[in-house]
Amino acid sequence: MKEEKSLFKNLKFDITAGLVVFFVALPLCLGISLASTSYKATATLEAFDGVVMPGIIAGIVGGIIVGTFSGSRFGVSGPAAGLITIVSVAIVEFGGFAGGGFEKFALAVALGGAFQFIFGLIRAGFVAYYIPFSVIKGMLAGIGITIFIKELPHFFGYDKDPEGDMNFFQTDGHNTFSELGYMLDNVHWGATLVAVISLVILIVWGLKFIKTNKFLSQIPGPLIAILVSIAIAVLLQSNPSLLIEGEHLVNVPQPANFEEFKGMLYFPNFAAISDPAVWRVAIVIALVASIESLLCVEATDKMDPFKGRTPMNRELRAQGIGNMISGLLGGLPITQVIVRSSANITAGAKSKMSAIIHGIFLLGFIVAIPGLLNMIPRATLAAVLLLIGWKLASPKGMIQMIKSGWAQYVPFFVVIIMMLLTDLLIGVGSGIGVAFIIILYRNFKMSFFIQGDKGDNKVHLTFSQHTTFLNKASILARLDKIEDGSEVIIDLTNTISIDYDVSEAIRDFVAGAEDRDIKVEIIQEEKLTQVSMGH
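Predicted model only: the values in this text are computed from it and were never measured. (Residues numbered from 1 in each chain as written. Predicted model: local features only at pLDDT ≥ 70, side-chain atom pairs only at ≥ 80, totals over all residues. Heavy atoms only, no water.)

Student: Talk me through the overall build of the protein chain; I want residue IDs and the actual numbers.
Tutor: Helices and strands together make up the secondary structure of the protein chain, namely 23 helices and eight strands. By principal-axis analysis of the C-alpha atoms, the protein chain measures approximately 95 × 60 × 55 Å. When contacts within the protein chain are restricted to residue pairs at least 6 apart in sequence, those whose partners lie at least 24 apart make up 79%. As presented, the protein chain carries roughly 23900 Å² of accessible surface, and 64% of it is formed by carbon and sulfur atoms. (Helix = DSSP H or I, 4+ residues; strand = E, 2+ residues; numbered from the N terminus. Contact = heavy atoms within 4.5 Å. Areas by Shrake-Rupley, 256 points an atom, 1.4 Å probe, with all protein chains shown as cover.)

As structure tokens, this is what we get:
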């Protein structure tokens, strides 16, 4: 009851934020769906340009269902760009749309959701707490830069790729950077004019005098930008060179009747439950979607102005419920997504109600007035996403990471570079790998402490509490540097555990010390004996 009251306490803020997230989510739901279901880059089984309803269904379920069960204050869920390759390859493997491939895939999504729910029950969410801060910050910046570069073509009216195509190699065969060259050769000045005006409105709406105005602060900047852009697009209809139409506008399906609407839906084929390939894809979806959701939850919590913590296991269960329902309705896989979550925080959301409201807006507009959405220039939505990308990858944040030291900024930039050249999961995995290597290096350097080593041939080595085989190399390197005729004290007073490898290395040094005229004293030598005897 207490949680329900808090959800409605700040409804005016959450409605505004929900509307902003809706405008951000709409092109992403459409774009990710097209990128996931188009065969142009994955196979030539059939002539098929993709469908949008699976992405819209996933967006609605991610907002309303996952938002309801989630414990994340600001997290927003929906179809994710990181799963595009998995989706497209699986549909092709199952026989394509003509062969009932999507119906099999929808079943795999539902089964994947069941696995995720089980992950939550067995408390597998703890893995999120082992992701380094530098990797999370790198993921945010990498997503910001990727969004910025990917949206530039749409900003200038070059709309050949869907917004959801976030991979380095795109569905049209181009890559992230070559697309910018094609953009410069195909600038649409009408769309560019709309985009520039929209961007100016968004920037002005973020200034202090707007935020402090009681009336203007209640109106979402993206809504103003969209209404103005629609008006400009209407005015430009009389000018053929600036006309904004076709691919330059949002394209939401408008079924003429209920039968046509049903033809847009693909429900799961339960007869495929015995197909091992379906179960294999389900497990892959469960693992990848869970990892991506946990990464985004950690990133969203880092941006939380109230410094809240999301219950990870509850989030896994919420994502599992969402994917089960999305699969049963013929939707794409769902994860928590950082772009929409970031937009939610920036728009001033106060509770998870904003995520639920964005799902209600998706459902309401798609069912009731899709024609109005189809009047929105894609360039305006690109301006909204450009601003979000800039905030995620702010130069100020990068400078702070550089100042924090090499152990922070090296994994940070590795994540960014690998994300730009591949995708989110590979980028994050690379960053975690580099961070782990840095931890090993630091562990290598801090296995013992030196006292009294000032050239007087007296060396006092105090070993750390836990000395493992990873420290063996650094310990051997230091023992080898000890000059003949020295006096050495090996102090194990503070040592709680010492690996057999290190114990043997010390014993070998002691055994050879007499030949080098080195006097060795081991404080609490019995600890070496205990380890050697396996006690």
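Student: Explain the environment of Met418 residue by residue, including any values.
Tutor: Of note, Met418 is situated in helix α19 (residues 406-421). If we skip the residues at most four places from it in the chain, Met418 touches Asp423, Ile426, Gly427 and Ser430.

Student: So, a nonpolar patch on the surface: which residues are in play, and what are the values?
Tutor: On the surface, Phe126, Val127, Tyr129 and Tyr130 cluster together to form a nonpolar patch covering roughly 480 Å² of accessible area. With respect to the helices and strands, the residue Val127 is situated in the loop between α5 (101-121) and α6 (133-155). (Patch = residues over 30% accessible without salt bridge, like charges linked within 9 Å, V, L, I, M, F, W, Y side chains within 5 Å. Salt bridge = Lys/Arg side-chain N within 4 Å of Asp/Glu carboxyl O.)

Student: How would you explain the packing of helix α2 (residues 11-37) against helix α14 (residues 338-346) if you had to name every residue and give the values?
Tutor: With their axes 8 Å apart at the nearest point, α2 and α14 run at an angle of 165 degrees to one another. Relative to α14, α2 is oriented roughly antiparallel. Both α2 and α14 take part in a crossing whose hand is right-handed. Contacts between α2 and α14 involve Ala17, Val21, Val24, Ala25, Leu28, Cys29 and Ile32 from the first element and Val339, Arg340, Ala343 and Asn344 from the second. For the contact of α2 with α14, the residue count by class is nine nonpolar, one polar and one charged. (Axes fitted to C-alpha atoms, helices over the stretch in contact; angles between N-to-C directions. Parallel < 35°, antiparallel > 145°, perpendicular 65-115°, else oblique. Left-handed = near helix turned anticlockwise from the far one by under 90°. Nonpolar A, V, L, I, M, F, W, Y, C, P; charged D, E, K, R; others polar.)

Student: Summarise the pairing of strand β6 (residues 487-491); cite the residues concerned and give the values.
Tutor: Sheet analysis places strand β4 (residues 458-463) next to β6, joined by five bridges and oriented parallel. If you follow Val459 over to β6, its bridge partner there is Val488. Bridge analysis of β6 against strand β8 (residues 519-523) gives five bridges, and the strand direction is parallel. Each residue of the ladder has a partner; that of Glu487, found in β8, is Lys519. (Pairing = 2+ DSSP bridges.)

Student: Quick rundown of the state of the cysteines? Include the residues and the values.
Tutor: This structure, assessed with the given rule, holds zero disulfides. Residue Cys29 stays outside any disulfide, its sulfur separated by 14 Å from that of Cys296, the closest cysteine. (Disulfide = S-S within 2.5 Å.)

Student: Give me the environment of Ser341: which residues, what numbers.
Tutor: Relative to the helices and strands, Ser341 is located in helix α14. C-alpha separation for the pair Ser341 and Asp301, spaced 40 residues apart in sequence, amounts to 9.9 Å. In contact with Ser341, not counting residues within four places along its chain, are Phe74, Gly75, Val76, Thr300 and Gln336. Of note is the side chain of Ser341, whose polar atom sits 2.9 Å from the backbone nitrogen of Val76. (Polar contact = N/O pair within 3.5 Å; in protein donor to acceptor, adjacent residues only side chain to side chain.)

Student: Tell me about the nonpolar core, and please be specific about residues and values.
Tutor: Of all hydrophobic cores here, the largest spans 91 residues; its most connected members are Leu26, Phe105, Met139, Ile143 and Val339. Apart from residues no more than four positions distant in its own chain, Ile143 is found in contact with Ile338, Val339, Leu392, Met419 and Leu424. Grouped together as the second largest cluster of nonpolar side chains are 17 residues, Phe463, Leu479, Val488 and Leu492 included. (Core = buried A, V, L, I, M, F, W, Y, C linked by side-chain atoms within 4.5 Å. Buried < 20%, exposed > 50% of the residue type's maximum accessible area, 1.4 Å probe, protein only.)

Student: Requested: an account of the packing of α6 against helix α7 (residues 178-185), with residues and values cited.
Tutor: Where α6 contacts α7, the axes come no closer than 9 Å and their chain directions differ by 20 degrees. What the angle tells us is that α6 and α7 run roughly parallel. Helix-helix and strand crossings are classified by hand; for α6 and α7 the assignment is left-handed. Touching Ile149, Leu152 and Pro153 of α6 are Glu179, Leu180 and Met183, all from α7. Classifying every residue of the contact of α6 with α7 gives five nonpolar, no polar and one charged.

Student: With reference to specific residues and values, describe α5.
Tutor: Owing to its 3.6 residues per turn, the α-helix aligns residues three or four sequence positions apart on the same side. With 21 residues, α5 extends 31 Å between its outermost C-alpha atoms, agreeing within 8% with the 30 Å of an ideal straight helix rising 1.5 Å per residue. After α5 finishes, the residue Arg123 shows a positive phi value of roughly 60 degrees. (Expected span 1.5 Å × (residues − 1).)

Student: For the packing of aromatic side chains, give the residues involved together with the corresponding values.
Tutor: Given two aromatic rings, one states the distance between the centres and the angle between the planes to describe the pair. Within the structure shown, the criterion is met by 15 aromatic pairs. When the ring of Phe102 is compared with that of Tyr266, the centres are 5.6 Å apart and the planes differ by 65 degrees; the resulting orientation is edge-to-face. Within this pair, whereas Phe102 is found in helix α5, its partner Tyr266 is found in the loop between α11 (258-262) and α12 (276-303), the two being separated by 164 residues in sequence. Summarising the burial analysis for this pair, Phe102 and Tyr266 share the class buried. An angle of 50 degrees between the planes, with centres 6.2 Å apart, marks the rings of Phe361 and Phe365 as tilted. One end of the pair, Phe361, and the other, Phe365, are both in helix α15 (residues 353-368), four residues apart, so they sit about a helical turn from each other. A relative accessible area of 21% means that Phe361 is categorised as partly exposed. Taking the relative accessible area as the measure of exposure, Phe365 reaches 18% and is therefore buried. Clustering of aromatic rings is evident, with ring pairs tying together Phe22, Phe23, Phe361 and Phe365. (Phe/Tyr/Trp six-rings, centres within 6.5 Å; stacked < 30°, edge-to-face > 60°.)

Student: Requested: an account of unusual backbone geometry, with residues and values cited.
Tutor: Of note in the backbone geometry, Lys307 takes a positive phi value of approximately 55 degrees without being a glycine. As for its position among the elements, Lys307 is in the loop between α12 and α13 (312-328). Backbone geometry places Asp517, a non-glycine residue, at a positive phi of 60 degrees. Positionally, Asp517 belongs in the loop between α22 (500-513) and β8. For Asp517, a relative accessible area of 57% corresponds to the exposed category.

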